[in-house]
Structure formats: C-alpha cells, structure tokens
Protein chains: 2
Amino acid sequence: MGTGLVGASVAQAMTRAGVEVHLQDARYSHAVVAASRGAGTLTSLDPAAYQLVVVAVPPGALAAVIAEALDTYPNATVTDVGSVKGVVLAQLRATGVDLARYCGSHPMAGSQKDGPLTASPDLFVDRTWVITPHDTSAAQSVLVVRRLAEMCGARLVTMAAQHHDEAVGQVSHIPQLMSALVAGGLLDVPAEHLQLAGQGLRDVTRIAAGDPKLWRQIIAANSGALRVELEELHEDLGKLIAVLDDPDAVEAFLARGRRGTQALPGKHGSAPSAWAEVVIEIPDAPGALARLFTDIETAGVNVEDITIEHDPGRPVGMLGVHVEPAASGVLATAMTDRGWTVRT
Amino acid sequence: MGTGLVGASVAQAMTRAGVEVHLQDARYSHAVVAASRGAGTLTSLDPAAYQLVVVAVPPGALAAVIAEALDTYPNATVTDVGSVKGVVLAQLRATGVDLARYCGSHPMAGSQKDGPLTASPDLFVDRTWVITPHDTSAAQSVLVVRRLAEMCGARLVTMAAQHHDEAVGQVSHIPQLMSALVAGGLLDVPAEHLQLAGQGLRDVTRIAAGDPKLWRQIIAANSGALRVELEELHEDLGKLIAVLDDPDAVEAFLARGRRGTQALPGKHGSAPSAWAEVVIEIPDAPGALARLFTDIETAGVNVEDITIEHDPGRPVGMLGVHVEPAASGVLATAMTDRGWTVRT
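Below you will find a few notes about this structure. Position numbers for residues count from 1 along each chain, tracking the sequence in the order it is written. The lettering of chains begins at A and the numbering of ligands begins at 1, in the order of writing. Selection of residues for local features in this predicted model requires a pLDDT of at least 70, selection of side-chain atom pairs for listing and counting requires 80 or more, and totals for whole chains, interfaces and linings are taken over all residues. Hydrogens and waters are ignored; side-chain quantities use all the structure's heavy atoms.

1. So, the nonpolar core
Of all hydrophobic cores here, the largest spans 76 residues; its most connected members are Met-178, Leu-230 and Leu-237 of chain A together with Met-178, Leu-230 and Leu-237 of chain B. Contact between two residues is taken to exist if any of their heavy atoms lie within 4.5 Å; hydrogens are not considered. The contact partners of Leu-237 of chain A, leaving out residues within four places of it in the chain, are Met-178, Leu-181, Leu-230, Leu-233, His-234 and Leu-237 of chain B. The criterion is simple. A nonpolar core is a set of buried Ala, Val, Leu, Ile, Met, Phe, Trp, Tyr and Cys residues joined through side-chain atoms within 4.5 Å. Here's how the labels work: a residue is buried when its accessible area is under 20% of the maximum for its type, exposed when over 50%, partly exposed in between, all with a 1.4 Å probe on protein chains only. Among the nonpolar cores identified, the runner-up in size contains 44 residues, and Leu-319 of chain A together with Ile-282, Ala-334 and Met-335 of chain B belong to it.

See the structure below:
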C-alpha cells in the first residue's frame, strides 16, 4: 500500500524474489507506473489470502492505514516503512485494535527523490533495515518482517520503537533541523556576503533543501525525543557564547567537535581515518573526468571513496581520492607522471 | 614571510609572473621546500629594496609580524593573507606605527591541507580575493596589493575590514561552529545509534574535523561579529524548541531553511537549481568509475557538477550527474542503454 520510491522498491525486490505482489496507491497513476516497472500487479485477491501487507504511505497517514489493513486482511502480517515508530505504535494502541499481527520496520534508504519512477529493487541491498517489534507482536509476524528485509538484501537491526526513534532523532532529524537553522540564518545575510561562501557552508546546509512537508511529519512524530536533544544543543550553544572570548574554551569546544566526527563509522563500517587522500585538480575541460579516472585505474590503485570540492567562479575542481595509505604514494607519483596536478 | 600553503602559493604565482621573490619562514625547512618548488629564493636584499611584503603567518602572529615588516622594510607595501582583518588592524593601530604602507587582504582559497608541499601557483585562479584598505592606507599601497591579487589570477572584492569580518563570520566561521556543535553532540550518542548515520549527518559535520588550533585563532579574532550571529541562532533555536509541537510552525522553520539554501550562489555564480540531476548507481567493482565517466563522455553531454553518496555497509554508491535540464533525458537514455542503473 503506497508505491512511492520506498514502496515500489520493496515491491520490485519481492517480485524479483518470486513473491506475488499486489499494488495499491491512493494515487492510482503511481500504482500503474509501479506495475509497469515490475513492482507487481494491480489485481486483488480475496482479503483472507494476503500473507503480508507493507504500508508505505506518508508519515501522517501511517496509523490509520495500518489499522485499516489489520482489519481488512485478517490473516496478513502488517508492517510499515515509516521513519518514526513510537508515535504510530501509540496511535495504533489507542485504537484498541489487536496488534499481534503488526510489527514496525524502517528501511534506512531513500533519497531526496520520490515516486515509483525512482524505485529500484536494489535500493535496500546492504542498507540497514531496522525492525521494531512491540511487546504484543506475534513471533510469527516478526519472522515474516525479518524475511521481508532479508529478501530485499538489507542488514537487519532490531530495536524497540522508542530506542529507534531516539537513534534516528540523533543521527538524522537533529542534523536536519540544525542544517535548516543555519540555512535559515542565510536569509538575513546580504547577497554580497554570500558571494564569499565556500564548500563548507554548502555542506552544512545541503540537507536543508529537503521537502518541508515531508519533514514536518517526521519532526511531529518524533518531537519528544528531539526536544531533549535540541535542549542540550541549545544549552551547549549558550555555553559557547558565554566562553567565546576564552580561546582555550573555544578550542576545547572545537576539539570536542572533531572527536565527534571521528566517532562516526566510515564506509563499510571502517574508521573514517583508515584511508589516505590524494587530491587531484580537475580541469574544466571535456573528457577530463573520464581521462582522470582512466588514469587512476591504470595506476592499479583501488579507490575506496572520492570527494569533490567546488567553489563558485572557479572552473577548476579538486578530486579527493581516498585509498589505502600504502597506495597513496604510488597513486600520487603515477598521476603526476601523467601530467595531473596532485596534492597529497 | 611564511611559506605554508597560502604563502608558498602566492610566491609561486609571483615568481611565475616574473617577480623576484625572497622567502622567509620561522620554520627554515619550509622556506627551503618552498624554494625548491619554484616559490623564490632564500637570499635577501638590502631592506630598503623590497617593494612588497606578504605576511602569511598564523592568525595570532599577524599583527606583530606586520608591524615588524613595516619597521624593517621602509619602502615596502605590507599586506597579509589572514582570514580575519578587524582585530589585526586594531592591534596595529594600538602600536602607534604608521599604517600608510599597510593594506590587508584575504585570498579565499586554501584547504584542510597545509605546508609548502601543497602549494600551487594556480591556487587563487578565479578565486575571490578580498582587499581591505583602511582609512589611512596610501592609494599606492592599495594599488600594489590589487596588482598582487590580479597577478595571482584572483577575482578582486574590496570591503572595509569590519564588513569583511562580518561576511566571513556569516559564511565561514558560523558554519564551522555550528558543525562543531552538532559533531560534539555525537559524543553522547551510543555507537549502536551512530551505525544508523547516513550521508546527511556526514555532510553537516564534515568541516568540524578542521584543526582546532587554527580555528581557535580565527574565532578569537572575530568573536565580536560571531557573538551577534550566534545569539541570533541561539534565539532561533529556542523559538524552534518552543514550537516543536506545532507542525505549521515547524514547517515554516523548515521552509525558511530551504529558502536559505536557494539564496546561495551555485557554481560559476549560477542559481543552484539551474542543473538537472541524473543519478547513476556506481558498482563497487574495479574500473567502474572509469567506465562510467567514459560512457558519460560518449553520451556527448557536458557535466556541470557531480556528487557522490555513500552509506556505511553499502558497496554501491550513487553518482549524481548535474547537466543542463535539456540534456538529462539524453544522458539517462544513453546510460540505461549501456546497462547502468539510472534514476532521473
């Protein structure tokens, strides 16, 4: 039920795995598009025949659609893919409906894109998929939802709903709000000043471009956990202002921030500091990137990650190539020999 | 004076332009390395023979070194490349030295890298270089500094020191502090929760990895302008907390943030929304990026920008290719035909 990016991707993955999938969407055209892209069929069965219902509708509609599905499909396990779990569970409990056949879940995938055209059966491959059973979930229903995540190729994590909401509040919703806070402040900055903006400001404010109508629902559903976090940040910001003229205290604040970045797991779960970076200038010429990557390949070095830096008004970008530390010298030499401007 | 990344790059650019450059650095080995890389010579002239002294030392040492240079080189214009201008000017005024031959400047380039090995004579090409004359700067000195920036290939902007500090506070120092605020909060987040972190949190906290010892000097030198901005953000954050349970007010806050991102000038000064994005999956296989860019080139489409998204534990990355809107369909079709998984 719901064939946007996430719903249609789940359906494509299940169809590919040989499961019979029936699509529904309040926007019928979305279901048609999803069906045309291999997500399933538009036909329907006897309601008693469904084994699993995946609810992939906007956050504000989750509880009502889940309750309706539990009522309509008497033998089906019902799950959802919402990004906040606690409020939905509380809303469901308030309806008095039997929740044994409900088990929440949250596949940590998606993007700023939306709609069935953006779906992919591989969207969840190696992504984290959080399962949030509650105290009255039937063991069989939890198993069905686990099997769903496994068939989509995801990495399973099990957490209580409240625990999940606290975690995504910290790593996703708080950054969203703080990015919006900084970005909103830019409206008071003269355009002449904004001309001096570099990559750092762009990085900090990038996610603030997300859809306010989607995010209002996520924030509303998790406001309890977020309030605690925001009050701590508010207090920390107040403390920073109080010590702004004490360089030692400011340095301690900055050093704490740096340690925080080091606490984040890197790609493939490795420590962020595990790779060495070789920085190569990218000329603003046709074919430059293709030649650059061809030469990197020719150097025989395995690329772990790449980053790009741009600045307005500057035609030359910088490509940061992250490699095993032992390989950085090899790469830098090979690229310099081929005429690239390299900084290690 | 000072042959780190910025000082050595200025020296390389001036040497290349045919100017005789003499290098000094408190760390003599840095001057030797810079000289070996075409930045100038280690010899010295009669102090009266110097026409221009460029002071490129750490922020905390600027005023003392500038004052000493004005005293030592009686005929030279003296400038600096510090990222904060007002405090240095005030410190210089407090010494009572005649400042007619001093004109501050701030080339907006550099990176997280440092040292003369990272220098490039092209570091400032098409970058913004802010000149900050003061009310007693001699016209001739301002002209000499303008000529310096022009010979380095930079785009000139002239601002009063206080105005400059307010601008870089807003677009550079405030994002740095807010990124550190969010990153510092991560130290209180359980490692299990951090496993759920995605690209958004990484973007918001990336610059918080910067050197606390450098940034303490920048913050200390601009604390006046920063205090005003931080107090506004502190107040805005308090207001957000107060309305956190009012979805309309939260949406207005988020919408304000989105408008802020739209106020930022894009690459080459164009509006950020001018390009269409074609998103292509990058398999984690040897040669994948080289093949991908070769196929993009073959499609005959001009790439304006690229972005990469990664998630921990997921071997497949997404490449966002930004092109003219009219070209996005051509690119998507061409890449799909060549077997790539494309989302438009």
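Additional details are given in the paragraphs that follow.
2. Focus on a nonpolar patch on the surface
All names here are of chain A. In this analysis, a patch consists of residues with relative accessible area above 30% that form no salt bridge, clustered at 9 Å for like charges and at 5 Å for the nonpolar side chains Val, Leu, Ile, Met, Phe, Trp and Tyr. Only the protein chains shown count as cover for residues, with accessible areas throughout obtained via the Shrake-Rupley method and a probe of 1.4 Å. Throughout this description, the term salt bridge denotes a Lys or Arg side-chain nitrogen within 4 Å of a carboxyl oxygen of Asp or Glu. A contiguous nonpolar surface patch, about 280 Å² in accessible area, is contributed by Tyr-28, Val-32 and Leu-42. Among the secondary structure elements, Leu-42 is positioned in the loop between helix 2 (28-36) and strand 1 (52-55). A relative accessible area of 34% places Leu-42 in the partly exposed class. Labels follow the DSSP assignment, with helices taken as runs of H or I lasting at least four residues and strands as runs of E lasting at least two, numbered in each case from the N terminus.

3. Quick notes on the interface of chain B and chain A
Each side of the interface is counted separately: chain B has 120 residues, and chain A has 120 residues. Once two parts are joined, some of their accessible surface, as seen by a 1.4 Å probe, is lost; buried area is that loss totalled over both. Interface area for chain B against chain A, summed over the two sides, is near 11500 Å², with a carbon-plus-sulfur share of 62%. Connecting chain B to chain A are twelve salt bridges. One salt bridge in this structure joins Glu-251 of chain B and Arg-216 of chain A, with 2.6 Å as the shortest N-O distance. Polar contacts, as counted here, are pairs of nitrogen or oxygen atoms within 3.5 Å of one another; within protein the pair requires one atom able to donate a hydrogen and one able to accept it, and residues that are adjacent in sequence qualify only if both atoms are side-chain atoms. Across the contact surface, chain B and chain A share 25 residue pairs in polar contact (both at pLDDT 80 or more). In terms of residues, the side of chain B that touches chain A owes the most to one element, helix 6 (residues 161-185) of chain B, which gives 16 residues. Per-class residue counts for the side of chain B that touches chain A are 57 nonpolar, 29 polar and 34 charged. Here the nonpolar group is Ala, Val, Leu, Ile, Met, Phe, Trp, Tyr, Cys and Pro; Asp, Glu, Lys and Arg are the charged ones; every other residue, Gly included, is treated as polar.

4. Points about the relation of the copies chain B and chain A
The superposition of copies rests on a least-squares fit of C-alpha positions from residues with pLDDT of 70 or more in both. The transform that puts chain B on chain A rotates by 180° and translates by 0.0 Å along the axis, for an RMSD of 0.1 Å. Read as a symmetry element, the transformation amounts to a two-fold axis. When each C-alpha of chain B is compared by its distance to the rotation axis, Val-204 of chain B comes out closest, at 2.0 Å. Same-surface contact between copies: 100% of interface residues of chain B are shared with the interface of chain A.

5. Some thoughts on the pairing of strand 1 of chain A
All names here are of chain A. Strand pairing is assigned whenever DSSP detects at least two bridges linking the two strands. Pairing between strand 1 and strand 2 (residues 77-80): four bridges, direction parallel. Its bridge partner lying in strand 2, Val-54 is registered against Thr-79. As for the winding sense of the linkage, the β-α-β connection from strand 1 through helix 3 (residues 62-72) to strand 2 is right-handed. Handedness of a crossover is defined as follows: orient the strands so they point away from the viewer, and if the path from the first strand over the helix to the second runs clockwise, the crossover is right-handed.

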